Amino acid sequence: QVQLVESGGGLVQAGGSLRLSCAASGRIFSGYPMGWFRQAPGKEREFVAAITWNGVNTYYADSVKGRFTISRDIAKNTVYLQMNSLKPEDTAIYYCAADSQVRSLVVGGRVDYWGQGTQVTVSS
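Here's a quick rundown of the structure. (Residues numbered from 1 in each chain as written. Predicted model: local features only at pLDDT ≥ 70, side-chain atom pairs only at ≥ 80, totals over all residues. Heavy atoms only, no water.)

**Points about the state of the cysteines**
By the definition in use, this model includes one disulfide. Here cysteine 22 is linked by a disulfide to cysteine 96, with a sulfur-sulfur distance of 2.1 Å. Measuring the twist about the S-S bond at about -80 degrees, one finds the cysteine 22-cysteine 96 disulfide to be left-handed. Taken together, the residues span a long stretch of sequence, with cysteine 22 in strand S3 (residues 18-24) and cysteine 96 in strand S9 (residues 92-98) at a distance of 74 residues. Neither residue differs from the other here; cysteine 22 and cysteine 96 are each classed as buried. (Disulfide = S-S within 2.5 Å. Helix = DSSP H or I, 4+ residues; strand = E, 2+ residues; numbered from the N terminus. Buried < 20%, exposed > 50% of the residue type's maximum accessible area, 1.4 Å probe, protein only.)

Here's what the structure looks like:
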């Protein structure tokens, strides 16, 4: 069964840092681009960051460039999102995602797999 399981969310003060993790089942991890999305209350889910299957290329939303870093550890079947200089507007549920095409993650479209989400709350 395909699974994406996020962890690492929590409550942090503005300016602080968090690192999210997404553990993926092996079948979908090794050859799939992976990404992170977020959804704030009352807003649509939006793209945050993506990484190609080999980790060579990364993509970011303008709102997080220079503050967030996506990475992957192939040996651990895990994707990470390091979030620094957090702002209250970063508060959202963060979702891990996987798709056979990185374009679907970055540009939009139907995404193959989703995690259950992890809450990130940034206090001012």
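Let us keep going from here.
**A few points about the sheet that holds strand S8 (residues 78-83)**
Taken together, the four strands give an open sheet; going across it, the order is S1-S3-S8-S7, and neighbouring strands pair in antiparallel fashion. Only two strands of the sheet have a single partner each, and these edge strands are strand S1 (4-7) and strand S7 (68-73). Each strand of the sheet is rotated relative to its neighbour by a mean of 15 degrees, with strand direction disregarded. Relative to S8, S3 runs antiparallel, the two sharing six bridges. Bridge assignment links alanine 23 to a residue of S8, and that residue is threonine 78. (Pairing = 2+ DSSP bridges. Axes fitted to C-alpha atoms, helices over the stretch in contact; angles between N-to-C directions.)

**A closer look at the pairing of S1**
Along any regular strand, the residues point their side chains to alternate faces of the sheet. The two faces of S1 differ: Leu4 and Glu6 on one face are buried, but Val5 and Ser7 on the other face are not. Where S1 and S3 come together, four bridges link them in antiparallel fashion. Within the sheet, the bridge partner assigned to glutamate 6 lies in S3 and is cysteine 22.

**Considerations on the nonpolar core**
With 34 residues, the main nonpolar core has Met34, Trp36, Val48, Phe68, Leu81, Met83 and Tyr94 as its most contacted residues. Listing elements by their share of this core, those giving two or more residues are S3, strand S4 (34-39), strand S5 (46-51), S7, S8, S9 and strand S11 (118-123). Contacts of tyrosine 94, omitting those with residues within four sequence positions, involve Glu6, Leu20, Trp36, Phe37, Arg38, Val48, Phe68, Leu81, Met83, Gly117, Thr118 and Val120. (Core = buried A, V, L, I, M, F, W, Y, C linked by side-chain atoms within 4.5 Å. Contact = heavy atoms within 4.5 Å.)

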